[in-house]
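Residues per chain are reported as follows:
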Amino acid sequence: MKFRKGFVPGLVAAFAAVLLFAAGAGAEIHLNMGSTSSTSGVYAWCVAAANVINKADNGIQVTVVESGAGMDNLRKISAGVFDFALAIDLPGSLQLYKGIEGFEGKQFKDVRWLFLRNIFADRLYVRRDSGVTTFGDLKGKRFCPGIPGSASAAYVMQYDKILGTNIQLVPSALGDAITALKENRIVGLQKSSGLNNIDASLIEVNLTTPLTVVGYSEEDVKKIQEKIPYMTFLKREKGSIKEFPDVGPIWEECPIAGAVATAAMPEEVGYQIVKAYVEGFDEIAAAYGPVKGFDPVGDYFRNAGEDVVPAHAGLIRYAKEKGLEVPERFIPPEYKK
């Protein structure tokens, strides 16, 4: 059962009723869920999220589809290939919603925020023996900005242009980038990671090829935000990253990450997905530790700025059932109060 673009609110409501009847009659709703590369530590989160949805008694069955992560998922969401997708961040979603940056001329106003994963860091890892201590030190060096098609890779490419760093950027699949790093064919790579820990995919690498982390200067951040005001950066003090106690103070780009769907997904279906995710949160956190301590529903409304992607009607319904305030700027036109 696919959800297509162009549904008007009345048809969405009618379609939801049909789906509920089908589920009650024992039929299943089959959804394709975009994820990320299976070599990424985030893939464990995607699989765990799908598992708790599939185990819930809601008639929904999710198929996890490997992908190129953020920007690739957003393209496939807007094309109707995925019914919903994880491994998405808010800045990338805003680009699609507004038709800017990577989606210039391809505005898709029907993208809807579904639930939050965490606030993370698009972290810049380099070999400890590289001599690189700042983003500027990457000038002229071979560096992997991330997985081709991912939002985080696109951001590093943008920052390189804005700051005039002239890095030799080598977008690569994570496995290929790790091999190149070990063989000293690149000095480092960007990998989205939990705020306070090394990414799981790099733990073993760090044992044999010692790594460190570099960041942006305060001046770098000002220049970037002049061009891309919706990007968020956090100052990380010395000792903030557990495995790298000597790193800091540095500035890291730290977006809100989570999942998106579209306005064509009926409210009831979105509600059931959010409900299953929240109720299975302990199981998800056991599989992917960086989500611990985050509220997958309320933290979106509390931490997103003034510039937002509207929330899915199912998320709003669940939030209001839990007594959470949903500011008006998050309310999409199809939501019925």
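Each value, and the rule that gives it
- For every chain, the first residue of its written sequence is number 1, and the numbers climb from 1 along that sequence.
- A pLDDT threshold of at least 70 governs which residues receive local features in this predicted model, and a stricter bar of 80 or more applies before side-chain atom pairs are shown or counted, although totals over entire chains, interfaces and linings include all residues.
- Side-chain descriptors were evaluated using all non-hydrogen atoms of the structure, hydrogens and water having been removed beforehand.
- Where helices and strands are cited, they refer to DSSP runs of H or I of at least four residues and of E of at least two residues respectively, numbered from the N terminus.
- Each radius of gyration reported is based on C-alpha atoms, and the globular scaling rule is 2.2 Å times the count of residues to the power 0.38.
- Burial classes follow relative accessibility: with a 1.4 Å probe on protein chains only, a residue under 20% of its type's maximum area counts as buried, one over 50% as exposed, and anything between as partly exposed.
- In this description, contact between two residues means that some pair of their heavy atoms is separated by no more than 4.5 Å.
- Each accessible area is a Shrake-Rupley result for a 1.4 Å probe, and residues are judged covered by the shown protein chains and nothing else.
- For this analysis, a ring pair means two rings from Phe, Tyr or Trp (six-membered ring only for Trp) whose centres lie within 6.5 Å, classed as stacked if their planes differ by under 30 degrees, edge-to-face if by over 60, and tilted for the remaining angles.
- Two conditions define a charge located above a ring, namely a distance within 6 Å from the ring centre to NZ of Lys or CZ of Arg, and an angle within 35 degrees of the ring normal.
- Angles shown run from 0 to 180 degrees and are taken between the N-to-C directions of axes, each axis being a line fitted to C-alpha atoms and, for helices, limited to the stretch in contact.
- In these notes the angle categories are as follows: under 35 degrees is roughly parallel, over 145 is roughly antiparallel, 65 to 115 is roughly perpendicular, and the rest is oblique.
- Two helices that cross are described as forming a left-handed crossing if the nearer one is turned anticlockwise from the farther one by less than a right angle, and a right-handed crossing if clockwise.
- An automatic or database domain assignment supplies the residue ranges for each domain.
- Buried surface area refers to the total accessible area, computed with a probe of radius 1.4 Å, that the two partners give up upon joining, counted for both partners together.
- Put simply, a salt bridge is a Lys or Arg side-chain nitrogen that is within 4 Å of an Asp or Glu carboxyl oxygen.
- Residue classes follow a fixed rule: Ala, Val, Leu, Ile, Met, Phe, Trp, Tyr, Cys and Pro count as nonpolar, while Asp, Glu, Lys and Arg count as charged, and any other residue, Gly among them, counts as polar.
- Residues are called lining when one of their atoms sits within 4 Å of a cavity or pocket point, these points coming from a 1 Å grid over the protein atoms alone, where a cavity is a set in which a 1.4 Å probe fits but cannot get out and a pocket is an open set with protein on both sides within 12 Å along at least five of seven lines.
- Grid points are joined across faces, edges and corners, and a volume is the space filled by probe spheres set on the points.

In the nomenclature of an unreviewed UniProt entry, the chain is known as TRAP transporter TAXI family solute receptor of Aminivibrio pyruvatiphilus.

Here we take up the overall build of the chain. Helix and strand content of the chain: twelve helices and eleven strands. Compactness check: the chain gives a C-alpha radius of gyration of 20 Å against a globular reference of 20 Å for 337 residues, within 12% of the reference. For the chain, the spread of C-alpha atoms along the principal axes amounts to about 65 × 35 × 35 Å. Looking at the chain as a whole, 56% of its 337 residues are labelled buried. A fraction of 73% describes how many contacts in the chain between residues 6 or more apart in sequence connect residues 24 or more apart. Split by element, the accessible area of the chain, about 13,800 Å² in all, is 51% carbon and sulfur.

This next bit is on the packing of aromatic side chains. In total, this model carries twelve aromatic pairs according to the counting rule given. Geometrically, the ring pair formed by W113 and Y300 is stacked, given 4.7 Å between the ring centres and 10° between the ring planes. Here W113, found in strand β4 (residues 111-127), pairs with Y300, found in helix α11 (residues 298-303); they are 187 residues apart in sequence, far enough to count as distant. For W113, a relative accessible area of 0% puts it in the buried group. Considering the side-chain rings of Y271 and Y318, the 6.0 Å spacing of their centres and the 50° angle between planes classify their relative orientation as tilted. Highlighted residues: Y271 in helix α9 (residues 267-279) and Y318 in helix α12 (residues 313-321), separated in sequence by 47 residues. Grouping residues by exposure puts Y271 and Y318 together as buried. Clustering of aromatic rings is evident, with ring pairs tying together W113, Y300, F301 and F330. Its end group placed over the ring of F120, R117 keeps NZ or CZ at 5.0 Å from the ring centre. The side chain of R317 reaches across the aromatic face of Y271, ending 3.8 Å from its centre.

Okay, the packing of α9 against α12 next. Helix-helix packing is characterised by the crossing angle of the two axes and by the distance between the axes. Here α9 crosses α12 at 55°, and the two axes come no closer than 7 Å. With respect to their mutual orientation, α9 and α12 come out oblique. Seen from above, α9 lies across α12 with right-handed handedness. Seen from α9, the contacting residues are E267, E268, G270, Y271, V274, K275 and V278; seen from α12, they are A313, G314, L315, R317, Y318 and E321.

Looking now at the domain arrangement of the chain. Partitioning the chain into structural domains gives domain 1 (30-120 + 256-330) and domain 2 (121-253). On the side of domain 2, 22 residues touch domain 1, which itself brings 22 residues to the contact. In total, domain 1 and domain 2 occlude about 1,600 Å² of area from one another, counting both sides; carbon and sulfur atoms represent 58% of this. For the pair domain 1 and domain 2, the number of links is zero salt bridges. Mapped onto the side of domain 1 that touches domain 2, the elements with two or more residues apiece are α3 (70-78), α4 (90-98) and β4. Classifying every residue of the side of domain 1 that touches domain 2 gives nine nonpolar, nine polar and four charged.

Now for the layout of surface pockets. Here the largest pocket is characterised by a volume of approximately 250 Å³. Every residue lining the largest pocket is counted, 14 residues in all, and those nearest its centre are G194, L195, N197, G289 and P290. Taken together, the residues of the lining of the largest pocket break down into seven nonpolar, five polar and two charged. Formed jointly, the lining of the largest pocket draws a minimum of three residues from each of two domains, domain 1 (30-120 + 256-330) and domain 2 (121-253). Along the wall of the second largest pocket there are 14 residues; nearest its centre are L90, Y230, T232, N303 and G305. A total of three residues in the lining of the second largest pocket trace back to one element, the largest contributor, which is α4.

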